[in-house]
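# Secondary and tertiary structure notes
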Amino acid sequence: MKKDILTLLDLSKEDFEIFFKRAFELKKNHNKRISGKLLAGKTLGLIFDKPSTRTRLSFEAAMVQLGGTSIFISAKDTQIARNEPVMDTARVLSRYLDCLAIRTFSQDLLNEFAEYAAIPVINALTDLYHPCQVLSDLLTVIEHKGTYKDLKIAWVGDGNNVAHSWINATAVLGLNLTLACPEGYYPDSRIVEKALERKCGKIMITSDPVEAAKDADVIYTDVWASMGQESEQTERKQVFKPFQVDKELVNKASKDVIVMHCLPAHRGEEISEEVLEGPNSVVWDQSENKLHMHKAVLEVLMA
Ligand code: CP
Ligand code: NVA
């Protein structure tokens, strides 16, 4: 049966472990310039309805380096933009491709694609989730901390799509996650409740960034206004001001805290230049690890 990655709740702990192990092997091979061609003859389609630098290029590079091919199309250039039903598009594309990565606004639209596609569908970001981001971020956590277990992970900022995927990861892996968000910008309560139902891991939500950062092993932040929220940018800049990840906040954390950001970053907003470029920042490793994790994901779904 085909496997989709629509949210991290689609994965078991064993799936995560398989991805971590394979991604680390692939990273080692990449650094030694060893390339396998496990995906020779396979084609990944990418349909994106929002901008992307890292996700698109790391998926495309991953396919090429694994011996396969990728085809990118902007959603605006497809017939979907002229109201062709998703259920028709999904069935047609399944006749051309071996896997489909989609970046769009609506999680429902993505789910509908997956329902009608005969091929695996990967969520490359929706308004609600960014599962592959957090999969590769966990690789970075393991790389720097040796494990994801028994770490205090602090999310500081908006309760957004990336935060939701951290919540889901917590429910599968049993993480210890504290989210500090301004009131009114907490994560979606339905997503939190669903995660809590699994009774795995610890999820704390506060409006005090210091409470989250205190003794944290990982501090993670993301933009204050996500793609699609551009009209709220000015208002959000005011509301989120006390949530900037700056030197003062980082000093509350454990002394070898790692600071993470999925990028693109807005220096001087959610993160200070000093912290982003400072010794605790692992953001470039994070970006690199998207390549290795996407390779692992593509291999598992397609090979
Ligand atoms: N982190 C991330 O998803 O970046 P892009 O929007 O550039 O793909
Ligand atoms: N929360 C951000 C993540 C970008 C990778 C957004 O959705 O725009």
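Before any of the text, the structure's been laid out above.
The text that follows walks through the structure, step by step, so that each part is easy to find. (Residues numbered from 1 in each chain as written. Chains lettered and ligands numbered in written order. Predicted model: local features only at pLDDT ≥ 70, side-chain atom pairs only at ≥ 80, totals over all residues. Heavy atoms only, no water.)

By the definition in use, this model includes 19 salt bridges. We note a salt bridge from arginine 22 to glutamate 299, for which the minimum N-O separation is 2.6 Å. Taken together, the positions of arginine 22 in helix α1 (residues 13–31) and glutamate 299 in helix α12 (residues 283–302) put the pair 277 residues apart, joining distant regions of the chain. Judged by relative accessible area, glutamate 299 falls into the buried class, the value being 8%. Salt bridges linked by common partners bring Lys21, Arg22, Glu25 and Glu299 together as one network. (Salt bridge = Lys/Arg side-chain N within 4 Å of Asp/Glu carboxyl O. Helix = DSSP H or I, 4+ residues; strand = E, 2+ residues; numbered from the N terminus. Buried < 20%, exposed > 50% of the residue type's maximum accessible area, 1.4 Å probe, protein only.)

So, about the pairing of strand β3 (residues 99–103). For β3, the buried fraction is high: five of the five residues fall into the buried class. Neither face of β3 is exposed, since Cys99, Ala101 and Arg103 on one face and Leu100 and Ile102 on the opposite face are all buried. Sheet analysis places strand β1 (residues 43–48) next to β3, joined by five bridges and oriented parallel. Following the sheet pairing, isoleucine 47 is matched in β3 by isoleucine 102. (Pairing = 2+ DSSP bridges.)

Enumeration over the complete set of coordinates arrives at zero disulfides. No disulfide involves cysteine 181; its sulfur sits 14 Å from that of cysteine 262, the nearest cysteine. Summary of cysteine pairing: cysteine 262 is not part of a disulfide, and the nearest cysteine sulfur, belonging to cysteine 132, is at 13 Å. Overall, the relative accessible area of 5% leaves cysteine 262 in the buried class. (Disulfide = S-S within 2.5 Å.)

Glancing now at the packing of aromatic side chains. Within a pair of aromatic rings, the relevant descriptors are the distance that separates the centres and the angle that separates the planes. According to the stated counting rule, one finds eight aromatic pairs in the structure shown. Ring geometry for phenylalanine 16 against phenylalanine 20: centres 6.0 Å apart, planes inclined by 55 degrees, an arrangement best described as tilted. Residue phenylalanine 16 and its partner phenylalanine 20 are located together in helix α1, separated by four residues, close to a single helical turn. When its relative accessible area of 0% is taken as the criterion, phenylalanine 16 is described as buried. Owing to a relative accessible area of 3%, phenylalanine 20 belongs among the buried residues under this scheme. Here tryptophan 155 and tyrosine 220 contribute two aromatic rings whose centre-to-centre distance is 5.1 Å and whose plane-to-plane angle is 20 degrees, an arrangement assigned as stacked. (Phe/Tyr/Trp six-rings, centres within 6.5 Å; stacked < 30°, edge-to-face > 60°.)

With that settled, the discussion passes to the side chain of histidine 261. Positionally, histidine 261 belongs in strand β9 (residues 258–261). Given a relative accessible area of 0%, histidine 261 falls into the buried group. Only 2.7 Å separates the side chain of histidine 261 from the side chain of glutamate 270, close enough to count as a polar contact. Look past the residues within four positions of histidine 261 in its chain and what remains in contact with it is Tyr220, Thr221, Asp222, Val223, Glu270, Ile271, Val283 and Gln286. (Polar contact = N/O pair within 3.5 Å; in protein donor to acceptor, adjacent residues only side chain to side chain. Contact = heavy atoms within 4.5 Å.)

Time to look at the sheet that holds strand β5 (residues 152–156). Taken together, five strands build an open sheet; the order of strands is β7-β6-β5-β8-β9 and the sheet is parallel. Strands with a single pairing partner mark the edges of an open sheet, and in this sheet they are β7 (202–206) and β9. Averaged over all pairs of adjacent strands, the angle between their axes in this sheet comes to 20 degrees, without regard to strand direction. Summarising the sheet, strand β8 (residues 218–221) and β9 pair through four bridges and their orientation is parallel. Of the residues in β9, the one forming a bridge with tyrosine 220 is methionine 260. This element, helix α6 (residues 161–173), spans β5, β6 (176–180), β7 and β8 of the sheet and lies at about 155 degrees to β6. (Axes fitted to C-alpha atoms, helices over the stretch in contact; angles between N-to-C directions.)

Below, the discussion takes up the packing of α1 against α6. With their axes 9 Å apart at the nearest point, α1 and α6 run at an angle of 105 degrees to one another. In terms of their interaxial angle, α1 and α6 are classed as roughly perpendicular. Each of Lys13, Phe16 and Phe20 in α1 lies in contact with α6, whose residues at this interface are Ala169, Val172 and Leu173. Of the residues in the contact of α1 with α6, the class split is five nonpolar, no polar and one charged. (Parallel < 35°, antiparallel > 145°, perpendicular 65-115°, else oblique. Nonpolar A, V, L, I, M, F, W, Y, C, P; charged D, E, K, R; others polar.)

These results come straight from atomic positions and should not be treated as a statement about function.
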